[in-house]
Amino acid sequence: MIDNLDELLKHALTPMEEPGEALNREILNQVKEEGSMKNRKFKKKGAVAAAAAVLAAACSMTAFAAWQYRSASRVAEELGEEGLALHFEEQAGSDAPDSNGQMSGESQSLGGYKVVLLGMVSGEDLSKHLRTSGGTVHSDRTYLAVAVSREDGSPVDMEEEDFFVSPLVGSLDPRDNNILKWAGNYGQYVEDGVLYRLTECDNIEYFADQNLYVCVTDTTFYKKGLYEWKETEGKIVRNDGYEGLNALFELHLDPSKADPEKAKLLLEASEKTGPESEESSLNIEDPYSMIPEESRDAYMEAVEWAAQITPDNIGQYCVRLEQTVQTMAPDGEGRVSFQESISNGGTHIEFKVDWFFRGGEINAFIEPNIGTGGLEEVYLKLYTLNEDGTVTFAVWVPKEGSKWQDPE
């Protein structure tokens, strides 16, 4: 496995993913992350939108009525962040702009979507869930909540539509300095057709004396052409020619919160865990280059093998590790939780049954885990909704060559 890709690549619970998706998508979805909101919660992703929306709505900024959407506190609570929810509540209880100088509820409408910035908080130990990356605990974090809805009233499909949400710093090139480099992570869910996302990353308050932004796009990651970086001015502006969603919220933080020394340390730390050369730079348009050359053939063999596996044919290609089987009934809030212990340190998994199984519309989905060691490292997590409402979790591995099987 590649240890320093944790915070750079995305890993998702992808229900019944179909073969034939773009190669880049597979690579970005399936590299394992250490303890994160996604692993302990539920991040789901579907296919990248086939094309940007043709409707290029004029950008509109308003002080949006926050009550029309769930609050940042509610979003955090729904994602199992009860402690963080209290911090959002304290922020919302203030008559003045929140602690970051940003009035929550501001909205922008672009590309057929409406995006609402629900709230943002920063600080030490705001969450009871520790974010670790490369063996380092990241406890000083920024958390922001957004809501994304469709202007035509149709529901957002979390499995088919992708969004990228990240703070940006005006003095730094956004292509190389965004949430992917700052131990970023997120959780999300859809309620009443609206997608709610809680995003976290290293504390950006230390850049409070600079121009700061939050971007929300209809892309999987940061792409060229979304924004223009005005390096000499230390500003980032929207590209009005982009026919899609490229919202950009300007944050007005208290400059006294800036800490140049800590900002420098944050950048130095991200350089150590990020790309080490121009050839392996974090260019989302070429994620394949991030896999070591000597591992690429084995990795792609594993990716292609996993793409053919479905809940219906998994028994044809895999064997179940019986020691991993767990069956749980939903609790009073409709949640189930499991402990996956096959990976280093193990992973706690928790989610609401209705979110994943769509109220019973689907009855099984697979989460693939693929390292750079080829088929021997592959394992698949299968979640099955039983007739009695319980959910069964189990790890499956290739019938031959898997390092996870006990030796004969």
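Residues numbered from 1 in each chain as written. Predicted model: local features only at pLDDT ≥ 70, side-chain atom pairs only at ≥ 80, totals over all residues. Heavy atoms only, no water.

**Examining the pattern of salt bridges**
Counted according to the given criterion, the structure contains 17 salt bridges. Salt-bridge contacts for Arg141 lead to Glu200; the nearest nitrogen and oxygen are separated by 2.7 Å. Linking Arg141 in strand β6 (residues 140-150) with Glu200 in strand β9 (residues 194-202), this pair joins segments that are 59 residues apart in sequence. No difference in accessibility class separates Arg141 from Glu200, as the two residues are buried. Between Glu161 and Arg150 there is a salt bridge; the shortest N-O distance is 2.8 Å. Linking Glu161 in the loop between β6 and β7 (164-169) with Arg150 in strand β6, this pair joins segments that are 11 residues apart in sequence. When salt bridges that share partners are traced, they join Arg70, Arg74, Glu78, Glu191, Asp192 and Lys352 into one network. (Salt bridge = Lys/Arg side-chain N within 4 Å of Asp/Glu carboxyl O. Helix = DSSP H or I, 4+ residues; strand = E, 2+ residues; numbered from the N terminus. Buried < 20%, exposed > 50% of the residue type's maximum accessible area, 1.4 Å probe, protein only.)

**Focus: the sheet that holds β7**
Pairing within the open sheet is antiparallel, and its three strands lie in the order β7-β10-β13. The open sheet has two edge strands with one neighbour each: β7 and β13 (246-251). The sheet shows a mean angle of 20 degrees between the axes of neighbouring strands, taken without regard to direction. Note that strand β10 (residues 212-217) and β13 share six bridges and pair antiparallel. Bridge pairing in β13 places Leu212 opposite Leu251. (Pairing = 2+ DSSP bridges. Axes fitted to C-alpha atoms, helices over the stretch in contact; angles between N-to-C directions.)

**Observations regarding the confidence of the model for the chain**
When pLDDT is averaged along the chain, the result is 75, and 72% of the positions lie at 70 or above. Low pLDDT (under 50) marks residues 95-103, which in the prediction has 22 contacts with non-local residues, meaning those over four places away or in another chain. Here residues 274-287 is modelled with pLDDT under 50, and outside its nearest four sequence neighbours on either side it reaches 27 contacts, counting other chains as well. (pLDDT = per-residue confidence, 0-100. Contact = heavy atoms within 4.5 Å.)

**A word on the sheet that holds strand β19 (residues 391-398)**
One open sheet holds the four strands; their spatial order is β14-β19-β18-β17, and the pairing between them is antiparallel. Edge strands, defined here as strands with exactly one partner in the open sheet, are β14 (318-328) and β17 (364-369). Pairwise comparison of adjacent strand axes, ignoring direction, gives a mean angle of 20 degrees for this sheet. Strand direction decides the pairing type here: β14 and β19, joined by seven bridges, are antiparallel. When the bridges of β19 are listed, Val319 appears paired with Val397.

**What about the environment of Arg238?**
Within the secondary structure layout, Arg238 lies in strand β12 (residues 235-238). Sequence spacing of Arg238 and Glu228 is 10 residues, and the spatial spacing of their C-alpha atoms is 6.2 Å. A distance of 2.8 Å separates a polar atom in the side chain of Arg238 from a polar atom in the side chain of Asp240. One polar contact links Arg238 to Asn246, side chain to side chain, over a distance of 3.1 Å. (Polar contact = N/O pair within 3.5 Å; in protein donor to acceptor, adjacent residues only side chain to side chain.)

**Structural notes on unusual backbone geometry**
Non-glycine residue Ala183 carries a positive phi angle of around 50 degrees. Mapped onto the elements of the fold, Ala183 is located in the loop between β7 and β8 (185-191). Although it is not a glycine, Asp192 adopts a positive phi angle of roughly 55 degrees. One can find Asp192 in the loop between β8 and β9. What makes Asp192 exposed here is its relative accessible area of 68%.

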